[in-house]
Amino acid sequence: MSQSNIGNQIKAIDEQLGSKAKLVAVSKFHPADAIREAYAAGQRIFGENRAQEMVAKYEELKNELTDISWHFIGSLQRNKVKYIIPFVSLIQSVSSIKLLDEIERQAAKYDRKVDVLLEVHVAEEDTKSGFSEQEAFEAVGLIINHPEQYAHINLRGLMTMATNTDDEQQIRTEFRKVATLFNKIKDEIKPFDFNQLSMGMSGDYPIALAEGATLIRIGTSIFGEREY
Ligand SMILES: *Cc1c(COP(=O)(O)O)cnc(C)c1O
């Protein structure tokens, strides 16, 4: 996709999302110039899935595009947390308590309170990570019941990825499971500021939107195919 199309794609997707959900432009594997193009079209939230790549883009753009929100959406190694903590606005992919504990430790060092989502695993693929629904429910309880232990964490909601399949009914069922869990947590545990449900990518975001997503993560439909 030529870069002049980036802005048009963003506007078209934004129109579909309306006020229901915010667009996270997934810029992984695309250069900083692609981010500049999207920024010029009004996009402010960008998602990356590798710590080093996100840090490099942040460093390149920080004095130029000062109001970007950087969302981390990939599997995060604990030894990389310290590199992104100074500037990340939302870590969407918290997949274990051990990782959460490291985020707390590093956020405390930098005297920041960091927004996070818990990643829930409902897809078929074992390669996708995250908490089971039951584990996620228990993790929220743990965090909420130990505010002193998680003083530098703002738990904002849940994130998930559906199975990579053409079976729309299966995708819908998976998104609905996580939306149901999200609402159950809101009703029963009532965490403060727990209002973000991140689900949907280029191939399945209309379903995610219909099932209640508030954050949609789109790469390919904005920036074109990635070259790995
Ligand atoms: C890459 C990625 C996306 C975007 O996927 P597209 O199919 O390119 O829209 C969304 N979420 C996560 C977690 C990703 O790693």
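Cut-offs and rules
Residues numbered from 1 in each chain as written. Predicted model: local features only at pLDDT ≥ 70, side-chain atom pairs only at ≥ 80, totals over all residues. Heavy atoms only, no water. Buried < 20%, exposed > 50% of the residue type's maximum accessible area, 1.4 Å probe, protein only. Helix = DSSP H or I, 4+ residues; strand = E, 2+ residues; numbered from the N terminus. Pairing = 2+ DSSP bridges. Right-handed = clockwise from strand over helix to strand, strands pointing away. Phe/Tyr/Trp six-rings, centres within 6.5 Å; stacked < 30°, edge-to-face > 60°. Near = heavy atom within 4 Å. Polar contact = N/O pair within 3.5 Å; in protein donor to acceptor, adjacent residues only side chain to side chain. Nonpolar A, V, L, I, M, F, W, Y, C, P; charged D, E, K, R; others polar. Arc of directions from axis to C-beta. Contact = heavy atoms within 4.5 Å. Salt bridge = Lys/Arg side-chain N within 4 Å of Asp/Glu carboxyl O. Axes fitted to C-alpha atoms, helices over the stretch in contact; angles between N-to-C directions. Parallel < 35°, antiparallel > 145°, perpendicular 65-115°, else oblique. Left-handed = near helix turned anticlockwise from the far one by under 90°.

## Looking at the pairing of strand β2 (residues 45–48)
Remember that side chains alternate between the two faces of the sheet whenever the strand is regular. The side-chain alternation of β2 yields two buried faces, one formed by I45 and G47 and the other by F46 and E48. Relative to strand β3 (residues 69–72), β2 is paired through four bridges, and the arrangement is parallel. Within β3, the residue paired with G47 across the bridge is H71. Handedness of the β-α-β unit built from β2, helix α3 (residues 51–61) and β3 comes out right-handed.

## Considerations on the packing of aromatic side chains
Within this structure, the stated rule accounts for four aromatic pairs. The interplanar angle of 75° and the centroid separation of 4.4 Å between the aromatic rings of F29 and Y228 together place this pair among those described as edge-to-face. With F29 in the loop between β1 (22–26) and α2 (32–40) and Y228 in the segment after α9 (220–223), the pair connects residues that are 199 residues apart, well separated along the chain. Classification of F29 by relative accessible area gives partly exposed; the value is 26%.

## Examining the site of the ligand
With respect to spatial proximity, the complete set of residues near the ligand consists of V26, K28, I73, M159, M161, M201, S202, R217, I218, G219, T220 and R226. Within the side chain of R217, one N or O atom sits 2.8 Å away from a nitrogen atom of the ligand. In the shell around the ligand, the residues fall into six nonpolar, three polar and three charged.

## Digging into α2
Of the positions making up α2, those classed as buried are A32, A34, I35, A38 and Y39. The buried side chains of α2 occupy one side of the element, clustering within an arc of 155° when seen end-on. At the exit of α2 stands G42, carrying a positive phi of roughly 105°.

## Concerning the pairing of strand β4 (residues 90–94)
Most of β4 is tucked away: five of the five residues are buried. Looking at chain direction, β3 and β4 are connected through two bridges and run parallel. Bridge pairing in β4 places F72 opposite I91. Bridge analysis of β4 against strand β5 (residues 114–120) gives three bridges, and the strand direction is parallel. Counted as the bridge partner of L90 is D115 from β5. Considered for its hand, the β-α-β crossover made up of β4, helix α5 (residues 97–109) and β5 is right-handed.

## Overview of the side chain of Q43
Structurally, Q43 can be placed in the loop between α2 and β2. Here L23 takes part through its backbone oxygen, which lies 2.8 Å from a polar atom of the side chain of Q43. For Q43, the contacting residues outside a window of four places in its chain are I10, L23, V24, A25 and A38.

## Comments concerning the pattern of salt bridges
Counted according to the given criterion, the structure contains 14 salt bridges. Residue R44 is joined to D67 by a salt bridge in which the shortest nitrogen-to-oxygen separation is 3.3 Å. Placement of R44 in the loop between α2 and β2 and of D67 in the loop between α3 and β3 is noted, with a sequence separation of 23 residues between them. With relative accessibility at 41%, the residue D67 sits in the partly exposed group. With its nearest N and O atoms 3.1 Å apart, the salt bridge here joins D115 to R156. With D115 in strand β5 and R156 in strand β6 (residues 153–160), the pair connects residues that are 41 residues apart, well separated along the chain.

## Examining the environment of E211
Its place among the elements puts E211 in the loop between α8 (205–210) and β8 (215–218). Relative accessible area serves as the criterion here: at 12%, E211 is assigned to the buried category. As for E211 and N195, which are separated by 16 residues in sequence, their C-alpha atoms are 14 Å apart. For E211, the residues in contact, after removing those within four places along its chain, are R172, F175, R176, A179 and M199.

## As for the packing of helix α6 (residues 133–145) against helix α7 (residues 168–188)
The interhelical angle for the contact between α6 and α7, taken along N-to-C directions, is 25°, at an axis separation of 11 Å. Relative to α7, α6 is oriented roughly parallel. In this structure, the crossing between α6 and α7 has a hand that is right-handed. The residues of α7 that touch α6, namely those facing E133, A136, F137 and V140, are K177, L181, K184, I185 and E188. Here the residues of the contact of α6 with α7 sort into five nonpolar, no polar and four charged.

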